[in-house]
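Residues per chain, in single letters:
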Amino acid sequence: MTANLTDPTNQGRPLLLQGNEAMVEGALYAGCRFFAGYPITPATEISEVMSWRLPAVGGTFIQMEDEIASMGAVIGASLAGGKAMTATSGPGFSLMQENLGFACIAEVPCVIVNVMRGGPSTGLPTHVSQGDVQQARWGTHGDHPIIVLAAATTRECFDLTVKAFNLSEKYRTPVILLADEVVGHTREKIVLPPAGTIEVVERIRPTMPPEWYIPYEDNLRGVPPMGIFGDGYRYHVTGLTHDVRGFPTERPDEIVPFMDRLFRKINQHFADIQMVVEDLTEDAEVLVLAYGSVARSAKRAVREARARGVKAGLLQLITLWPFPRGLLEPHLRRVKAVLVPELNRGQISREVKRVNQGMTRIDTLNRIDGRLITPAEILDRLVRM
Amino acid sequence: MKRYEIRLAGSGGQGLILAGIILAEAAGVHDGKFVCQTQSYGPEARGGASKAEVVISDEEIDYPQVIKPDLLLCMNQRSCEAYAFDLKPDGLMVVDDSFVHDTLTTLAVPLPFTKIAREEVGREQTANIVALGALAVLSGVVSLASLKTAVLARIPPGTGELNEKALDAGIAAAGRYLEEKAGKSQ
Amino acid sequence: MAEITKLIHKYLRHEKKFPHVWCPGCGNGIVLGALIRAIDRTGFSKDEIVLVSGIGCAGRLTVYVDFNTLHTTHGRALTFATGVKLANPKLQVIVVMGDGDATAIGGNHFIHAARRNLNLTAIIVNNNVYGMTGGQYSPTTPYGARAATAVYGHIEQAFSIAELAVTAGAAWVGRGTVYHASLLDQLIEQAILKRGFAVVEAISHCHTQFGRRNRLGGPVEMMRWQKEVAVRVEKAKTMTPEELKDRITIGVLVDRELPVYTHELRKLREASQAALGAK
């Protein structure tokens, strides 16, 4: 369906792309050269397009035997030097959680796309949902930091895939990009940016003599330079809690600094990681806080509310985790009420309430029937708030 | 043009999602408008309900799905019954009367897309392209030149002539309908 | 310096990681010895080798050796190895797993890795039991044997790992025991040099968990058993099925030329780039 993409003269010309296709283009733009995946609705188009786009740029596509294997292969490829990615939906995302935790503890950069569909279990394969927001945060076992972004448009699918790779390489962490069935399947016009116009971050590699390399040693950024298999910096990578040399440890005086650093490397870079889009918020009295496809409904509803004299504004979350509380709090102190529409039973609104601490009123609007919340539903609530 | 909403509905296998993509590509890529194309479908590849939607606008599109269609195409009876009353009051409804025997409203434009595809074009599967040609004439929402370019870019290799014929047959059918209607009102 | 001392100095991470976690008398040390002797003979540098392991006693092997080492999650070692090999086909990727690791939790990955035929070496240390967690039955625990989760005797049939690998399509399959240590050296060396997916099943023993519960004696008695039941593949061909009952064949079970994944991938890339250029 996107055969015209192989024509390099199409760069700079408008194309009609699905969100799923735009994520492939974003990944290639960011330098992704490895993709492992397993077919699943509504994320399959990402695998399909990767299967012929990657070999053409000298990369590797492989369809693995399941999503556990896909995630393992992605981590292996990243350790051997390649920017690597996988894409799935709810059931496959559940299977990936095991090795996603490995990527967290071993600090292996990689990007995981989850095009959300209705759940739990097989749920509603062809219908939209935002039911995996908390799973993206806490899906793998144990305390761990994670970065999760949410895209709403085809353009955001492209931009945030590039961003996901950048954050992943910069902070040596898996980054989860959440789309949903509507975002993944909607076709929109997009002009792909020419190479070199958007920042692409490469991972920091060690430069000291190999015998001086301490693979998990702390530094100011909290992110140690990453040796690549075969480059002379031989070291041990393990899912066990490890010391600065990467060897398993059970000593409290080594466990605590390690876990502290894992969190610190994300926490001290909140300003770089946490992103929102402010839309008509300066004078807003009622705020809609939304993300993903629902943010598009909210954007329309906010305009319709303004036409009816309600001073509404939209705060669209781009970063879901770490939750951008610092960007939300000034609004909570000022607005009369906040409405959080979501395609789940309140997975982000509970976070908003936790941050709110009684500052203002938090209302929720939840839909779990596999249909997108309409602008009319949000408008109806806004005019009554 | 402010927001213009199109819904193409029928059953799986009638090529409506491809028709939606072609329409979106014609309006977005070739006519330079903003477009959003969405779809809904069941698990079956053939025979289930199928729906494609296209939103066209001069401005950036927020909500990507159809709220109330300006243009509705029903390719079978079931879709007609499901969506006829969603239509905007001044909206345009077009049905394939090869399959739709009760249009529920006298304002619907009945044209036998599948019959034309089978008898005039020689291939029933081109009914979606016949319909696109007619929709372009009846609604004026895309230019015929853009539509033709978009059709030829999205169809399987080697079927260009066939699909061009289908497009022309649809354009002609809509033209005949408009002439007849003009004749009646005089 | 004795040959073995040289190898120890060259390949072991002696400054930090010893003593090891294995019980005295464990077969894992023999497998580790065979592995470094085999690698030394192949002539690959330490930087070229990536040693990947799963979880369990055998999985701990990676921490002791000075290669690029990757200690993965339980059963998933082959999936990580697949990614490593595809990202840099110049690396020699060797995967060490246990029987439960490779054929229970990792059974699906194992058969698909065999079918896919990447140029990987898989060494499976088969001691018929989950040793690290305390002696629960594994897919290779024999019918009737006792285990921590089969106190009245095991009621399931066992897998034969090497035969499973042959059936799943591995290009090269060998089986040895930790008693026949020099054969094990040779098998691992051949497996590393084989172009394609090569499997070495190393029959080992867990006297601590399996031997004790089944009154099989200590490591010496269990290794004597390996000596008694093992029969060379070449000799087995001259024996009747009755004679081969309860015997284990050792040696090279299969050696065949199959399309190697990375070669096929290279062709695929060339084809897709040619198709692009033709436009």
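Please refer to the structure higher up on the page.
Residues numbered from 1 in each chain as written. Chains lettered and ligands numbered in written order. Predicted model: local features only at pLDDT ≥ 70, side-chain atom pairs only at ≥ 80, totals over all residues.

With respect to the overall build of chain B
The following threshold applies: Here a strand is any run of E in DSSP of at least two residues, a helix any run of H or I of at least four, and the numbering for each starts at the N terminus. Within these notes, the globule rule equals 2.2 Å times the number of residues to the 0.38 power, and the radius of gyration is based on C-alpha atoms. Exposure is read from a count of other C-beta atoms within 10 Å of each residue's own; the residue is exposed at 12 or fewer, buried at 20 or more and partly exposed in between. C-beta atoms are placed from the backbone.
When helices and strands are tallied, chain B shows 6 helices and 6 strands. Traced from its N-terminal end to its C-terminal end, chain B shows the element sequence β-α-β-β-β-α-β-β-α-α-α-α. Its C-alpha radius of gyration of 15 Å places chain B within 12% of the 16 Å reference for a compact globule of 186 residues. Each principal axis of the C-alpha atoms in chain B carries an extent, and together these give about 40 × 40 × 40 Å. Counting the 186 residues in chain B, one finds 50% classified as buried.

A few points about the nonpolar core
Let me state the cut-off plainly: A set of buried residues qualifies as a nonpolar core if it consists of Ala, Val, Leu, Ile, Met, Phe, Trp, Tyr and Cys joined through C-beta atoms within 7 Å. As annotated, the domain borders come from an automatic or database domain assignment. C-beta atoms are placed from the backbone for every residue, and two residues are taken to be in contact when these atoms lie within 7 Å.
Of all hydrophobic cores here, the largest spans 249 residues; its most connected members are Leu149 of chain A together with Val84, Val95 and Ile123 of chain C. If you tally residues by element for this core, the top one is helix 1 (residues 16–30) of chain B, at 10 residues. The residue makeup of this core includes at least three contributed by each of domain 1 (3–191) and domain 2 (277–384) of chain A. If sequence neighbours within four positions are ignored, Val95 of chain C has contacts with Val52, Ser53, Ala77, Leu78, Ala81, Leu120, Thr121, Ala122 and Ile123 of chain C.

Things to note about the packing of helix 3 (residues 67–79) of chain A against helix 4 (residues 90–106) of chain A
Residue and element names in this part refer to chain A. The condition that has to hold: Axes here refer to lines fitted to C-alpha atoms; in helices the fit is confined to the stretch in contact. Angles between the N-to-C directions go from 0 to 180 degrees. Reported orientations rely on four angle classes, namely roughly parallel under 35 degrees, roughly antiparallel over 145, roughly perpendicular from 65 to 115, and oblique for the rest. Crossing handedness is read from the near helix: turned anticlockwise from the far helix by less than a right angle, it gives a left-handed crossing, and turned clockwise, a right-handed one. By the convention adopted, Pro, Cys, Tyr, Trp, Phe, Met, Ile, Leu, Val and Ala count as nonpolar, Lys, Arg, Asp and Glu as charged, and the other residues, Gly among them, as polar.
In contact at an axis separation of 7 Å, helix 3 and helix 4 are set at 30° when each is read in the N-to-C sense. Between helix 3 and helix 4, the crossing angle belongs to the class labelled roughly parallel. The chirality of how helix 3 crosses helix 4 is right-handed. Contacts from Glu67, Ile68, Met71, Gly72 and Ile75 in helix 3 reach Gly92, Leu95, Met96, Glu98, Asn99, Leu100, Phe102 and Ala103 in helix 4. The residue makeup of the contact of helix 3 with helix 4, split by class, is 8 nonpolar, 3 polar and 2 charged.

Describing the sheet that holds strand 9 (residues 187–191) of chain A
To be explicit about the condition: The pairing criterion for strands is at least two bridges between them, as found by DSSP.
Spatially, 8 strands are ordered 1(A)-9(A)-2(B)-3(B)-1(B)-4(B)-5(B)-6(B) in an open sheet, and the strand pairing comes out mixed. One side of each edge strand has no neighbouring strand; the edge strands of this open sheet are strand 1 (14–18) of chain A together with strand 6 (109–111) of chain B. Recorded for the sheet is a direction-independent mean angle of 20° between the axes of neighbouring strands. Here strand 2 (residues 34–41) of chain B runs beside strand 3 (residues 49–57) of chain B; their pairing, made up of 8 bridges, is antiparallel. Residue Tyr41 of chain B lies in a different strand from strand 3 of chain B, and its bridge partner there is Ser50 of chain B. Against the sheet, helix 4 (residues 127–139) of chain B contacts strand 4 (71–74), strand 5 (92–96) and strand 6 of chain B, and its axis sits at roughly 155° relative to strand 5 of chain B.

What to know about the pairing of strand 12 (residues 286–290) of chain A
Residue and element names in this part refer to chain A. Definition in use: Crossover handedness is defined by viewing with both strands directed away from the observer: a clockwise path from the first strand over the helix to the second marks the crossover as right-handed.
When you tally the buried positions in strand 12, you get 5 out of 5 residues, the bulk of the element. Across the two faces of strand 12 the burial is the same, with Val286, Val288 and Ala290 and Leu287 and Leu289 all buried. Bridge analysis of strand 12 against strand 13 (residues 312–317) gives 5 bridges, and the strand direction is parallel. The partner of Ala290 across the bridge, within strand 13, is Gln316. On the question of chirality, the crossover connecting strand 12 to the parallel strand 13 by way of helix 10 (residues 293–307) is right-handed. Two elements, strand 12 and strand 15 (residues 337–342), share 3 bridges in a ladder whose sense is parallel.

Observations concerning the sheet that holds strand 8 (residues 198–203) of chain C
Within a sheet, neighbouring strands are paired by backbone hydrogen bonds and run either parallel or antiparallel to one another. Ordered in space as 10(A)-2(C)-1(C)-3(C)-4(C)-8(C)-7(C)-10(C)-9(C), the 9 strands form an open sheet in which the pairing is mixed. Each end of this open sheet is capped by a strand with a single partner; those strands are strand 10 (236–238) of chain A together with strand 9 (230–232) of chain C. Looking at each pair of strands side by side, their axes are set apart by 20° on average, direction ignored. Both strand 1 (residues 49–53) of chain C and strand 2 (residues 68–71) of chain C contribute to a ladder of 4 bridges, which runs parallel. The residue of strand 2 of chain C that forms the bridge with Val52 of chain C is Leu70 of chain C.

What about the environment of Ile155 of chain B?
All names here are of chain B. Here Ile155 is to be found in the loop between helix 5 (144–154) and helix 6 (160–185). The spatial distance from the C-alpha of Ile155 to the C-alpha of Leu18 is 8.7 Å, given a sequence separation of 137 residues. With near-sequence residues (within four places) excluded, Ile155 lies in contact with Gly160 and Asn163.

With respect to the interface of chain C and chain A
Where interface size is quoted, it is often the accessible area lost as the parts come together. Chain C puts 38 residues into the contact, and the matching count from chain A is 41 residues. Taken together, the elements giving at least two residues each to the side of chain C that touches chain A come down to strand 2, helix 3 (77–87), helix 5 (107–116) and helix 12 (261–278) of chain C. For the side of chain C that touches chain A, the element with the most residues is helix 3 of chain C, which contributes 8 residues. Split by residue class, the side of chain C that touches chain A holds 13 nonpolar, 15 polar and 10 charged. Pairing of strand 10 of chain A with strand 2 of chain C involves 3 bridges; the strand directions are parallel. Bridge pairing links Val237 of chain A to Leu70 of chain C in strand 2 of chain C.

A closer look at the interface of chain B and chain A
In this assembly, 19 residues from chain B lie in contact with 18 residues from chain A. Among the elements of the structure, helix 1 and strand 2 of chain B are those that each provide at least two residues to the side of chain B that touches chain A. Each residue belonging to the side of chain B that touches chain A can be placed in one class, and the counts come to 11 nonpolar, 6 polar and 2 charged. Bridging between strand 9 of chain A and strand 2 of chain B involves 2 bridges; their strand directions are antiparallel. The residue bridging Glu188 of chain A from the neighbouring strand is Cys36 of chain B, located in strand 2 of chain B.

Considerations on the arrangement of the chains
When the 2 pairs of chains in contact are ranked by number of contacts, first place goes to chains A and C. Here chain B and chain C are not in contact; the least distance found between their C-alpha atoms is 14 Å.

Considerations on the packing of helix 3 (residues 113–121) of chain B against helix 4 of chain B
Residues and elements named next belong to chain B. Closest axis-to-axis distance for the helix 3/helix 4 pair is 8 Å, and the angle between their directions is 110°. With respect to each other, helix 3 and helix 4 are oriented roughly perpendicular. Every pair of crossing elements has a handedness; the one defined by helix 3 and helix 4 is right-handed. Along its contact with helix 3, which presents Phe113, Thr114, Ile116, Ala117 and Val121, the element helix 4 presents Ala127, Val130 and Ala131.

Notes on helix 6 (residues 161–168) of chain C
Residue and element names in this part refer to chain C. Cut-off, in case you're wondering: Each C-beta atom gives one direction from the helix axis, and the arc is the one those directions make.
The complete set of buried residues in helix 6 reads Ile161, Ala162, Leu164 and Ala165. The arc that holds every buried residue of helix 6, seen down its axis, measures 160°, which confines them to one face. In this structure, the buried residues of helix 6 make contact with helix 4 (99–105), helix 5, strand 4 (120–126), strand 7 (172–177), strand 8 and strand 10 (248–255).

Re helix 12 (residues 349–356) of chain A
All names here are of chain A. Inspection of helix 12 places Ser349, Glu351 and Val352 among the buried residues, and these make up the whole buried set. End-on view of helix 12: buried residues confined to an arc of 155°, all on one side of the axis. Where helix 12 is buried, its residues touch strand 12, strand 15 and strand 16 (361–366). At the exit of helix 12 stands Gln357, carrying a positive phi of roughly 50°.

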